[in-house]
Amino acid sequence: MPESSAEPLSVGPMRVALADDSVLLREGVRSLLEDEGIAVVASVDDGQQLLTAVATQRPNLAIVDVRMPPTHTTEGLEAALEIKRRFPDIGVLVLSQYVLREYATELLSTETVGVGYLLKNRVTDIDRFLESVNRIAEGGTVIDPEVVRQLLSSSEKQNSLSALTPRENEVLQAMAEGLSNRGIAERLYVSISSVEKAISSIFDKFRLHAGETTSRRVAAVLHYLDQS
């Protein structure tokens with residue numbers, strides 16, 4: 001059973017823990033967040049220090065580099081997965097230098113709320129990065145558009161994806177990026193009602209039924225990642 005917080009998360013300004021072995025990137029993100037009134041309660045360079053900071057500080061969000069000491073392979077990802085296991089109410093945003101689809105899939109498979117996977121260069125798009133930070137801290141899901149783009153360019157599609165119409169594929173891509181129904185409607189220049197109909201059709205084609213414990217929206221995205 002996941003551990004629950006001894007005390008509820010604090011209200012007021014968002015609280016963030018950062019973990020990245022690059023001092024330049026870590027301090028740059030820290031400055032960016034603090035300029036927005038976000039409290040950075042920990043800034044560390046490895047996964048173990050991050051786990052300790054999360055356990056003691058109970059931030060709203062942990063921002064984690066995938067590769068950190070000592071082996072620079074998956075320490076950050078492992079820390080992110082452990083955070084979601086022990087503290088499911090704390091959001092986790094994983095940053096990576098490259099598109100590593102399996103990392104996004106594994107992270108999203110652990111929890112249906114408050115997770116994200118972005119390429120590091122997204123930090124330079126300040127408005128979108130901050131939007132992602134807020135969305136994940138509020139329980140949303142964000143997947144990097146480049147991950148989604150590469151999935152869409154895959155030459156081999158499973159039958160369930162092939163059954164989708166072009167519009168449904170566009171809607172599912174936007175869902176995978178974490179957009180709300182309103183956000184999808186604005187991107188595609190369609191009505192919210194049209195988006196809702198497309199999502200309902202996607203659920204039907206993926207055999208995702210109402211009343212299941214897993215969020216159908218997240219399940220659809222996971223199905224998309226697994227089958228693309």
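Placed above this text is the structure.
What comes next concerns the included structure.

Cut-offs used in this document
Along each chain, numbering runs from 1 in the same order as the chain's sequence is written. With pLDDT at 70 or above as the cut-off, local features in this predicted model cover only qualifying residues; side-chain atom pairs require 80 or more to be listed or tallied, and sums for whole chains, interfaces and linings still use all residues. The side-chain figures draw on all heavy atoms in the structure; neither hydrogens nor water molecules are used. Salt bridges are identified by distance alone: a Lys or Arg side-chain nitrogen within 4 Å of an Asp or Glu carboxyl oxygen. A helix here means a DSSP run of H or I that spans at least four residues, while a strand means a run of E at least two residues long, and both kinds are numbered starting from the N terminus. Per-residue accessibility, obtained with a 1.4 Å probe over protein chains only, is compared with the maximum for each type, and a residue is labelled buried under 20%, exposed over 50%, and partly exposed between these values. Should DSSP find at least two bridges between two strands, the strands are regarded as paired. Look down the strands so they point away from you; if the path from the first strand over the helix to the second goes clockwise, the crossover is right-handed. Definition of a polar contact: a pair of N or O atoms within 3.5 Å, with one able to donate and the other able to accept a hydrogen when the atoms are protein atoms, and with sequence-neighbouring residues admitted only if both atoms are side-chain atoms. A contact between two residues is defined here by any heavy atoms of the two lying within 4.5 Å.

1. A closer look at the pattern of salt bridges
So, step 1. By the definition in use, this model includes 8 salt bridges.
So, step 2. One salt bridge connects Lys-120 with Asp-20, and the closest N-O pair in it is separated by 3.3 Å. Separated by 100 residues along the polypeptide, Lys-120 in the loop between β5 (115-119) and α5 (126-137) and Asp-20 in the loop between β1 (15-19) and α1 (23-35) bring together distant segments of the chain.
So, step 3. Judged by its relative accessible area of 16%, Lys-120 falls in the buried class.
So, step 4. Each of Asp-20, Asp-65 and Lys-120 takes part in one network of salt bridges that share partners.

2. Overview of the pairing of strand β2 (residues 39-44)
So, step 1. In this sheet, β2 lies alongside β1 in parallel orientation, the contact comprising 5 bridges. For Arg-15, the partnering residue across the bridge sits in β2 and is Ala-39.
So, step 2. Following the chain from β1 across α1 to the adjacent parallel β2, one finds a crossover that is right-handed.

3. Here we look at the side chain of Asp-65
So, step 1. Relative to the helices and strands, Asp-65 is located in strand β3 (residues 61-65).
So, step 2. In this structure the side chain of Asp-65 is engaged in a polar contact, spanning 3.2 Å, whose partner is the side chain of Lys-120.
So, step 3. Residues within four places of Asp-65 in sequence aside, it is in contact with Ala-19, Asp-20, Asp-21, Gly-76, Leu-77, Leu-95 and Lys-120.

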